[in-house]
Amino acid sequence: MLGLNKKDLSLLLIVAFLALCAPFILNPFPSDSSLAQFNAGYPDLMQRFVIFGIFAIGFNILFGLTGYLSFGHAAFLGVGSYSAVWMFKLLSMNVVPAIVLSVIVAGLFSVVIGFVSLRRSGIYFSILTLAFAQMSFNLAYSVLTPITNGETGLQLTLDDPRILGASRTESGGIPVTNFFGLDMRDTYEMVVGPWAFQFNNGYYLCAILMLISFYLAIRIFRSPFGMMLRAIKSNNTRMTYTGLNARPYTLAAFVISGMYAGLAGGLLASMDPLAGAERMQWTASGEVVLMTILGGAGTLIGPVLGAGFIKYFENIFSKINDGVLHTWFGFMPDGLEDLVVTLVHPFVGKGWHLTLGLVFMLVVIFLPGGLVEGGQRIGRLFRRKKSGDEAKKSTQSTPAE
């Protein structure tokens, strides 16, 4: 079905279930509960889960299959965002033309950067991509200000010369992005007892595009092209000795990966029509590297898990302050409570990066395959225990001779 084997189809269905049922899965605690702050079923946050999932899936096609570590993918994310906002300003508030333009422009930009960077490999390739990303950031921040609006960022105004559609609404406001008339900000809230579940149009558009991106990644992984990329990662020198030129394959992987990043950038701008130079900073490129390694580089579902994990940390753990900590540890004696809060404080709130860094170190040391390897180990443990119990039962039921 869909050209996938049973295992890949099951994986696609699992991802589809997680994406489509996210409003339920990410809101496990009642709204009036003290644990409600750990709920993540908000439209903006769910959108970032799937958008950065697309970003990480694309990066994994390059890094996971070929082993080429790029520190410049944020450049394509930023280019995609700028392209989408300009499409909103000049043509229409429909997200489809904006997303298409984002993918095309990011693809063309990645051809240029990839053609130069892929003349080197290893750390030299990584440094070249980082240099290109920083040049792009500085161009957007201070040089190309007529196009990017500099540090303020490119955004919609009431004077935009929009060809298809009005520049302002009847109430005098800025129009909202839409998908053929379907408002991206419209949210339906379903209240079930103490739980409140939110279903947002923009999120489900992003989720569907993420599923399509995930399906295409599966097809790439299982194709002869994907096998060639794995061969490049395994031993590029041996491939060269056989007479095969690996550069066209790595350039194709680089461009596909860049187009995924452009799609993510276009979706970010479609959900919130704003593009800033900060999306091109090296920290954004490093973030997608963390997502991929944390989830499991070279795996299919790993980057999606890594993106969700990091974005959850960024948006939920960063909100935990001293007041929340005192609420948690209020049952302790005053002196002990203050001591525990003092010890925990550096790891939450503004210090959530420290916790993420520790988790990343533990994963790299003990789970080189990321969260996916952790799940596989747990699965093998249960299977081993189950097979051991079955063997024990069969031994007990066999009569002695």
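Residues numbered from 1 in each chain as written. Predicted model: local features only at pLDDT ≥ 70, side-chain atom pairs only at ≥ 80, totals over all residues. Heavy atoms only, no water.

A. Summary view of the UniProt feature "transmembrane region" (unreviewed entry) in the protein. UniProt annotation of "transmembrane region" (unreviewed entry) refers to residues 45–63, 94–116, 123–144, 202–221, 248–268, 288–313 and 354–375 when read in the numbering used here. Helix and strand shares over residues 94–116 are 96% and 0% respectively, and the end C-alpha atoms of the span are 35 Å apart. (UniProt positions renumbered as here; feature names shortened; annotations may be inferred. Helix = DSSP H or I, 4+ residues; strand = E, 2+ residues; numbered from the N terminus.)

B. Representation of the nonpolar core within the structure. By size, the foremost hydrophobic cluster in this structure holds 89 residues, and its most contacted members are I54, F214 and L267. Apart from residues no more than four positions distant in its own chain, L267 is found in contact with I51, I54, I99, C206 and L209. Counting residues in hydrophobic clusters, the runner-up holds 13 residues, among them F49, I320, F329 and V340. (Core = buried A, V, L, I, M, F, W, Y, C linked by side-chain atoms within 4.5 Å. Buried < 20%, exposed > 50% of the residue type's maximum accessible area, 1.4 Å probe, protein only. Contact = heavy atoms within 4.5 Å.)

C. Molecular detail of helix 1 (residues 6–20). End to end, helix 1 covers 21 Å across 15 residues, agreeing with the expected 21 Å (1.5 Å per residue, within 8%). Those residues of helix 1 not exposed but buried are D8, L9, L11, L12, V15, A16 and A19. Along the axis of helix 1, the buried residues cluster in a sector spanning 160°; they form a single face. Summarising the geometry of helix 1, the exposed residues directed more than 90 degrees from the buried face are K6, K7, L13 and F17. Turning to helix 1, the residues buried within the fold contact helix 2 (22–25) and helix 8 (201–222). For helix 1, the N-terminal cap is N5; the gap from its side-chain oxygen to the backbone nitrogen of K7 is 3.2 Å. (Expected span 1.5 Å × (residues − 1). Arc of directions from axis to C-beta. Polar contact = N/O pair within 3.5 Å; in protein donor to acceptor, adjacent residues only side chain to side chain.)

D. Quick look at the pairing of strand 4 (residues 187–192). Of the pairings in the sheet, the one linking strand 4 to strand 5 (residues 195–200) comprises six bridges and is antiparallel in character. By the bridge assignment for strand 5, E189 is matched with Q198. A loop of two residues connects strand 4 with strand 5, the two strands running antiparallel in sequence, and G193 in this loop sits at a positive phi of about 60°. (Pairing = 2+ DSSP bridges.)

E. Main features of helix 6 (residues 122–143). Compared with an ideal rise of 1.5 Å per residue, which puts 22 residues at 32 Å, helix 6 spans 31 Å between its outermost C-alpha atoms and is within 8% of the ideal. Looking only at helix 6, the buried set comprises F125, S126, T129, F132, A133, S136, F137 and A140. With its buried residues spanning 135° around the axis, helix 6 presents them on a single face. More than 90 degrees from the buried face of helix 6, the exposed residues found are I123, Y124 and V143. At its buried positions, helix 6 is contacted by helix 3 (43–66), helix 4 (74–90), helix 5 (95–117), helix 7 (145–148) and helix 10 (247–271).

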